[in-house]
Amino acid sequence: MQKDIKHIIREEFVKCAQDPVHFMKKYCYIQHPQRGKINFNLFPFQEKVLTLFQENPYSIVLWLMVFHENKNVLALATTQATARNLVAKVQFMFEGLPSWLKVSSLENNKLSLRLKNGSKIQAKSSNSDAARSEAVSLLIIDEAAFIDNIKETWGSAQQTLATGGGAIILSTPYGTGNWFHQMWNQLKVD
């Protein structure tokens, strides 16, 4: 007996909802600077990280937004343009999803993507109050080593993170002894 297309799509949707590695490898595309739109072929270490993040699904932005309702992702960076770049990457992946995986968007602009299911991502420049009034599910701080007021920014985010939100802090290195380097040394796991 052959399965009908609705049944196949339903099975695939459930598989995507349960397995972010499958979802990323099969349905997410990135924009390569030389080759244009390409499939997001994960490196082995990326698959390992995604598998680890499955225990904390708040750490996978597009997957979190599509498969969970009312999740608020806040992207902070040295400048609003840098934070906007992260939102643009999520938007590019979102636009490339097949129609049966997409949730309707209510807002889609340079600084944010808000879905009909209540989930959203927004970009802000880092300042000490950037995350203070937000109830975030996931806080992403990009280029943390280069943010002058990172201690204050991180401190102001603690109230919103205390309600159960998660955080991803990213950066390229910028010397030793700065806040990001200290946190990396404190938290690194062999």
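Residues numbered from 1 in each chain as written. Predicted model: local features only at pLDDT ≥ 70, side-chain atom pairs only at ≥ 80, totals over all residues. Heavy atoms only, no water.

### Some points on the pattern of salt bridges
Side-chain pairs of opposite charge can arise where the charged atoms are in close proximity.
Step number 1: Per the stated rule, a full pass over the model turns up four salt bridges.
Step number 2: Of the charged contacts, one joins Lys26 and Glu12 as a salt bridge, the two residues approaching to 3.7 Å between their closest N and O atoms. Here Lys26 is found in helix α2 (residues 20–27), whereas its partner Glu12 is found in helix α1 (residues 5–18), with 14 residues between them in sequence.
Step number 3: Accessibility expressed as a relative area gives 14% for Glu12, which makes it buried.
Step number 4: Residue Glu47 pairs with Lys25 through a salt bridge whose shortest N-O separation is 3.1 Å. Within this pair, whereas Glu47 is found in helix α3 (residues 44–53), its partner Lys25 is found in helix α2, the two being separated by 22 residues in sequence. (Salt bridge = Lys/Arg side-chain N within 4 Å of Asp/Glu carboxyl O. Helix = DSSP H or I, 4+ residues; strand = E, 2+ residues; numbered from the N terminus. Buried < 20%, exposed > 50% of the residue type's maximum accessible area, 1.4 Å probe, protein only.)

### As for the sheet that holds strand β7 (residues 138–141)
Step number 1: Pairing within the open sheet is mixed, and its six strands lie in the order β4-β5-β6-β3-β7-β8. Both edges of this open sheet fall to β4 (105–108) and β8 (166–169), since each of them pairs with a single strand only. Direction aside, the axes of adjacent strands within the sheet are offset by 15° on average.
Step number 2: The pairing of strand β5 (residues 112–115) with strand β6 (residues 120–125) spans three bridges and is antiparallel. Bridge pairing links Leu113 to Ile121 in β6.
Step number 3: Where helix α6 (residues 150–161) meets the sheet, it contacts β3 (72–77), β7 and β8, and its direction lies at approximately 170° from that of β7. (Pairing = 2+ DSSP bridges. Axes fitted to C-alpha atoms, helices over the stretch in contact; angles between N-to-C directions. Contact = heavy atoms within 4.5 Å.)

### Considerations on helix α7 (residues 179–187)
Step number 1: Along α7, the positions that sit buried rather than exposed are Trp179, Phe180 and Met183. Along α7, the residues classed as buried sweep out an arc of 95° about the axis, all on the same side.
Step number 2: For α7, the elements touching its buried residues are α6 and β8.
Step number 3: The N-capping residue of α7, defined by a side-chain oxygen 3.2 Å from the backbone nitrogen of Phe180, is Asn178. (Arc of directions from axis to C-beta. Polar contact = N/O pair within 3.5 Å; in protein donor to acceptor, adjacent residues only side chain to side chain.)

### Points about the environment of His32
Step number 1: Among the secondary structure elements, His32 is positioned in strand β1 (residues 29–32).
Step number 2: Reaching out from His32, the side chain makes a polar contact with the backbone nitrogen of Arg35 at a distance of 3.0 Å.

### Focus on the packing of aromatic side chains
Step number 1: Scanning the entire structure with this criterion turns up seven aromatic pairs.
Step number 2: A centroid spacing of 5.4 Å and a plane angle of 85° characterise the contact between Phe23 and Phe67, whose relative ring orientation is edge-to-face. With Phe23 in helix α2 and Phe67 in helix α4 (residues 61–67), the pair connects residues that are 44 residues apart, well separated along the chain.
Step number 3: For Phe23, a relative accessible area of 0% gives the class buried.
Step number 4: Both rings, one in Tyr27 and one in Trp100, keep their centres 5.4 Å apart while their planes meet at 85°; by these two values the pair is edge-to-face. With a gap of 73 residues between them, Tyr27 in helix α2 and Trp100 in the loop between α5 (80–95) and β4 connect regions that are remote in the sequence.
Step number 5: The exposure class assigned to Trp100 is partly exposed, which follows from its relative accessible area of 27%. (Phe/Tyr/Trp six-rings, centres within 6.5 Å; stacked < 30°, edge-to-face > 60°.)

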